[in-house]
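Breakdown of the fold
Take a look at the letters that make up each chain.
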Amino acid sequence: MCTCLFQTWEDPGHRDGDTGCCGDNDPIDICDIGSEVCSRGQVIQVKVLGTLALIDEGETDWKVLVINTEDPEAGQYNDIEDIRRLKPGYLEATLDWFRRYKVPDGKPENQFGFSGEFQSRDFAIKTVKDTHSFWKALICKKTDAGELSCMNTSMCDSPYYCSTSQAEAIVHSTDPYGDPEPIPSSADKWFYYEQP
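Reading the values: the criteria
Residues numbered from 1 in each chain as written. Predicted model: local features only at pLDDT ≥ 70, side-chain atom pairs only at ≥ 80, totals over all residues. Heavy atoms only, no water. Helix = DSSP H or I, 4+ residues; strand = E, 2+ residues; numbered from the N terminus. Buried < 20%, exposed > 50% of the residue type's maximum accessible area, 1.4 Å probe, protein only. Contact = heavy atoms within 4.5 Å. Areas by Shrake-Rupley, 256 points an atom, 1.4 Å probe, with all protein chains shown as cover. Salt bridge = Lys/Arg side-chain N within 4 Å of Asp/Glu carboxyl O. Pairing = 2+ DSSP bridges. Phe/Tyr/Trp six-rings, centres within 6.5 Å; stacked < 30°, edge-to-face > 60°. Lys NZ or Arg CZ within 6 Å of the ring centre and 35° of its normal.

In the nomenclature of an unreviewed UniProt entry, the protein chain is known as Inorganic pyrophosphatase 2, mitochondrial isoform X2 of Danio rerio.

Each helix and strand in the protein chain was counted, giving 4 helices and 5 strands. Secondary structure elements of the protein chain occur, N-terminal to C-terminal, as β-β-β-β-α-α-β-α-α. In terms of its C-alpha atoms, the protein chain occupies a principal-axis envelope of roughly 55 × 45 × 40 Å. Burial statistics for the protein chain: of 196 residues in total, 33% are counted as buried. Contacts spanning at least 24 positions in sequence make up 57% of the contacts within the protein chain whose residues lie at least 6 apart. Carbon and sulfur atoms form 51% of the exposed surface of the protein chain, whose accessible area is close to 13,000 Å².

Inspection of the entire model under this criterion finds 11 salt bridges. The salt bridge involving Lys63 is made with Asp29; its shortest N-O contact spans 2.4 Å. Residue Lys63 is located in strand β4 (residues 59–68), and its partner Asp29 is located in strand β2 (residues 29–32); the two are separated by 34 residues in the primary sequence. Given a relative accessible area of 27%, Asp29 falls into the partly exposed group. The salt bridge involving Arg121 is made with Asp122; its shortest N-O contact spans 3.4 Å. For Arg121, a relative accessible area of 32% corresponds to the partly exposed category. Look at Asp122 and you get exposed, because its relative accessible area is 55%. Through salt bridges with shared partners, a single ionic network connects Asp29, Asp61 and Lys63.

Extensive coverage of strand β3 (residues 46–56) is indicated by the burial of 9 of its 11 residues. In this structure, β3 lies alongside β4, joined through 10 bridges in antiparallel fashion. When the sheet's bridge partners are listed, Asp56 is paired in β4 with Glu59. In this structure, the hairpin formed by β3 and β4 is closed by a connection of 2 residues, where Glu57 is found at a positive phi of approximately 50°. The pairing of β3 with strand β5 (residues 111–112) spans 2 bridges and is classified as antiparallel. What sits directly across from Leu54, in β5, is Phe112.

According to the stated counting rule, one finds 5 aromatic pairs in the structure shown. Ring plane angle 85° and centroid distance 6.1 Å describe the contact between Phe98 and Tyr101, whose orientation is recorded as edge-to-face. Ring centres of Phe114 and Phe123 lie 5.3 Å apart, and the angle between their planes is 85°; on these two criteria the pair is classed as edge-to-face. Using a relative accessible area of 17% as the deciding quantity, one classes Phe123 as buried. Here the aromatic residues Trp62, Phe114 and Phe123 are joined through ring pairs into a cluster of three or more. Over the face of the ring belonging to Tyr90 we find Lys87, whose NZ or CZ atom lies 5.0 Å from the ring centre.

Okay, the side chain of Thr131 next. If you trace the backbone, Thr131 turns up in helix α3 (residues 121–139). Classification of Thr131 as buried rests on a relative accessible area of 3%.

Rendered as C-alpha coordinates:
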(Lines give C-alpha, C1' and ligand atoms only; values in the text may rest on other atoms or scores of the structure.)
Protein backbone atom coordinates (compact mmCIF):
# COMPACT_ATOMS: atom_id res chain seq x y z
CA MET A 1 0.00 0.00 0.00
CA CYS A 2 1.30 3.45 -0.86
CA THR A 3 0.74 6.36 1.49
CA CYS A 4 2.00 9.89 1.33
CA LEU A 5 2.65 12.46 4.00
CA PHE A 6 2.13 16.06 2.97
CA GLN A 7 5.56 16.99 1.58
CA THR A 8 6.89 20.37 0.47
CA TRP A 9 9.98 21.57 -1.41
CA GLU A 10 11.33 25.00 -2.29
CA ASP A 11 11.99 24.77 -6.02
CA PRO A 12 15.27 26.44 -7.08
CA GLY A 13 13.79 26.83 -10.57
CA HIS A 14 10.79 28.84 -9.37
CA ARG A 15 11.13 32.58 -8.67
CA ASP A 16 8.68 33.45 -5.90
CA GLY A 17 6.43 36.36 -6.83
CA ASP A 18 6.48 37.77 -3.30
CA THR A 19 10.17 37.47 -2.43
CA GLY A 20 11.62 37.79 -5.94
CA CYS A 21 13.99 34.90 -5.16
CA CYS A 22 14.09 31.24 -6.14
CA GLY A 23 13.69 28.41 -3.65
CA ASP A 24 16.68 26.97 -1.79
CA ASN A 25 16.27 23.34 -2.99
CA ASP A 26 15.28 22.11 0.49
CA PRO A 27 12.02 21.22 2.20
CA ILE A 28 10.28 24.12 3.93
CA ASP A 29 11.28 24.56 7.56
CA ILE A 30 8.73 24.05 10.31
CA CYS A 31 9.18 25.94 13.59
CA ASP A 32 7.02 24.42 16.34
CA ILE A 33 6.22 27.05 18.98
CA GLY A 34 4.74 24.53 21.41
CA SER A 35 5.99 23.35 24.77
CA GLU A 36 6.69 19.76 23.72
CA VAL A 37 10.11 18.78 22.34
CA CYS A 38 9.87 16.26 19.51
CA SER A 39 12.36 13.49 18.92
CA ARG A 40 14.36 13.42 15.69
CA GLY A 41 12.27 12.06 12.84
CA GLN A 42 9.04 12.15 14.83
CA VAL A 43 5.98 12.79 12.66
CA ILE A 44 3.35 15.02 14.26
CA GLN A 45 0.16 16.74 13.17
CA VAL A 46 0.45 20.51 13.36
CA LYS A 47 -1.67 23.61 13.11
CA VAL A 48 -0.19 26.24 10.77
CA LEU A 49 -0.04 29.72 12.35
CA GLY A 50 2.04 31.87 10.00
CA THR A 51 5.27 32.16 8.06
CA LEU A 52 8.47 34.16 7.70
CA ALA A 53 10.18 34.62 4.33
CA LEU A 54 13.90 34.30 5.09
CA ILE A 55 16.21 35.20 2.21
CA ASP A 56 19.36 33.12 2.68
CA GLU A 57 22.16 34.09 0.30
CA GLY A 58 19.61 35.14 -2.32
CA GLU A 59 17.31 32.11 -1.98
CA THR A 60 13.83 31.89 -0.44
CA ASP A 61 13.83 29.73 2.71
CA TRP A 62 10.32 29.66 4.20
CA LYS A 63 9.99 29.31 7.97
CA VAL A 64 6.46 28.12 8.80
CA LEU A 65 5.39 28.64 12.41
CA VAL A 66 3.17 25.85 13.73
CA ILE A 67 2.00 24.24 16.94
CA ASN A 68 1.64 20.51 17.56
CA THR A 69 -2.08 19.73 17.72
CA GLU A 70 -1.34 17.57 20.79
CA ASP A 71 0.27 20.50 22.65
CA PRO A 72 -1.73 21.49 25.76
CA GLU A 73 -1.87 25.10 24.50
CA ALA A 74 -2.79 24.30 20.86
CA GLY A 75 -6.40 25.40 21.29
CA GLN A 76 -5.27 28.94 22.11
CA TYR A 77 -3.37 29.41 18.83
CA ASN A 78 -4.98 29.92 15.43
CA ASP A 79 -2.94 32.63 13.66
CA ILE A 80 0.29 34.61 13.90
CA GLU A 81 -1.44 37.31 15.97
CA ASP A 82 -2.13 34.75 18.70
CA ILE A 83 1.62 34.21 19.06
CA ARG A 84 2.13 37.98 19.29
CA ARG A 85 -0.61 38.24 21.94
CA LEU A 86 0.18 35.14 24.04
CA LYS A 87 3.98 35.11 23.74
CA PRO A 88 5.07 38.77 23.76
CA GLY A 89 8.53 39.19 22.22
CA TYR A 90 8.59 35.65 20.79
CA LEU A 91 8.28 36.69 17.15
CA GLU A 92 10.86 39.44 17.53
CA ALA A 93 13.32 37.02 19.17
CA THR A 94 12.67 34.46 16.42
CA LEU A 95 13.28 37.06 13.71
CA ASP A 96 16.49 38.19 15.42
CA TRP A 97 17.77 34.60 15.73
CA PHE A 98 17.10 33.84 12.06
CA ARG A 99 18.74 37.14 11.07
CA ARG A 100 21.99 36.41 12.93
CA TYR A 101 22.45 32.65 13.29
CA LYS A 102 25.05 32.39 10.50
CA VAL A 103 27.10 35.40 11.59
CA PRO A 104 29.45 33.31 13.82
CA ASP A 105 30.44 31.36 10.67
CA GLY A 106 31.57 34.62 9.07
CA LYS A 107 28.48 34.99 6.89
CA PRO A 108 26.41 38.17 6.61
CA GLU A 109 23.10 38.62 8.37
CA ASN A 110 20.15 37.05 6.60
CA GLN A 111 17.57 39.24 4.91
CA PHE A 112 13.80 38.80 4.81
CA GLY A 113 10.92 39.22 2.42
CA PHE A 114 8.09 41.49 3.52
CA SER A 115 10.59 43.63 5.49
CA GLY A 116 10.79 40.89 8.12
CA GLU A 117 7.05 40.89 8.83
CA PHE A 118 5.52 37.52 9.69
CA GLN A 119 2.69 36.58 7.36
CA SER A 120 -0.73 35.24 8.34
CA ARG A 121 -1.98 31.68 8.66
CA ASP A 122 -3.80 31.92 5.32
CA PHE A 123 -0.66 33.12 3.56
CA ALA A 124 1.35 30.33 5.21
CA ILE A 125 -1.15 27.67 4.13
CA LYS A 126 -0.97 28.97 0.54
CA THR A 127 2.84 28.76 0.75
CA VAL A 128 2.67 25.17 2.02
CA LYS A 129 0.27 24.23 -0.78
CA ASP A 130 2.48 25.91 -3.39
CA THR A 131 5.64 24.16 -2.21
CA HIS A 132 3.74 20.87 -2.02
CA SER A 133 2.85 21.26 -5.70
CA PHE A 134 6.55 21.83 -6.45
CA TRP A 135 7.37 18.61 -4.54
CA LYS A 136 4.73 16.66 -6.47
CA ALA A 137 6.25 17.88 -9.75
CA LEU A 138 9.69 16.85 -8.47
CA ILE A 139 8.67 13.37 -7.35
CA CYS A 140 6.72 12.80 -10.59
CA LYS A 141 9.74 13.84 -12.68
CA LYS A 142 8.01 16.90 -14.12
CA THR A 143 10.83 19.16 -12.99
CA ASP A 144 14.61 18.70 -12.91
CA ALA A 145 15.77 16.96 -9.74
CA GLY A 146 19.40 17.93 -10.28
CA GLU A 147 21.50 16.04 -7.72
CA LEU A 148 18.52 15.18 -5.49
CA SER A 149 17.62 11.53 -5.10
CA CYS A 150 13.86 11.14 -5.41
CA MET A 151 13.78 7.38 -4.83
CA ASN A 152 10.88 6.60 -2.54
CA THR A 153 8.70 3.79 -1.21
CA SER A 154 5.43 5.69 -0.86
CA MET A 155 4.52 7.29 -4.21
CA CYS A 156 3.45 4.34 -6.39
CA ASP A 157 2.85 6.54 -9.44
CA SER A 158 6.30 8.15 -9.22
CA PRO A 159 8.95 7.04 -11.72
CA TYR A 160 11.33 7.04 -8.74
CA TYR A 161 9.24 4.52 -6.80
CA CYS A 162 10.95 1.40 -5.45
CA SER A 163 9.55 -1.41 -3.34
CA THR A 164 10.31 -1.80 0.34
CA SER A 165 12.46 -4.86 -0.40
CA GLN A 166 14.45 -2.87 -3.00
CA ALA A 167 14.98 -0.06 -0.49
CA GLU A 168 16.09 -2.53 2.20
CA ALA A 169 18.57 -4.08 -0.23
CA ILE A 170 20.06 -0.63 -0.92
CA VAL A 171 20.37 0.10 2.80
CA HIS A 172 22.01 -3.26 3.49
CA SER A 173 24.49 -2.76 0.64
CA THR A 174 25.99 0.35 2.24
CA ASP A 175 28.93 0.37 4.61
CA PRO A 176 28.02 -0.18 8.27
CA TYR A 177 28.29 2.68 10.70
CA GLY A 178 31.80 3.30 11.88
CA ASP A 179 33.02 4.84 15.09
CA PRO A 180 31.64 8.34 15.64
CA GLU A 181 33.91 11.24 14.82
CA PRO A 182 35.01 13.26 17.84
CA ILE A 183 33.10 16.49 18.39
CA PRO A 184 35.43 19.40 17.60
CA SER A 185 36.12 21.87 20.40
CA SER A 186 34.73 24.66 18.20
CA ALA A 187 31.27 23.22 18.89
CA ASP A 188 31.58 24.47 22.47
CA LYS A 189 32.56 28.02 21.51
CA TRP A 190 30.13 30.74 22.61
CA PHE A 191 29.41 33.76 20.44
CA TYR A 192 28.00 37.06 21.60
CA TYR A 193 26.54 39.49 19.18
CA GLU A 194 25.92 43.03 20.36
CA GLN A 195 22.89 44.79 19.00
CA PRO A 196 23.81 47.90 17.01
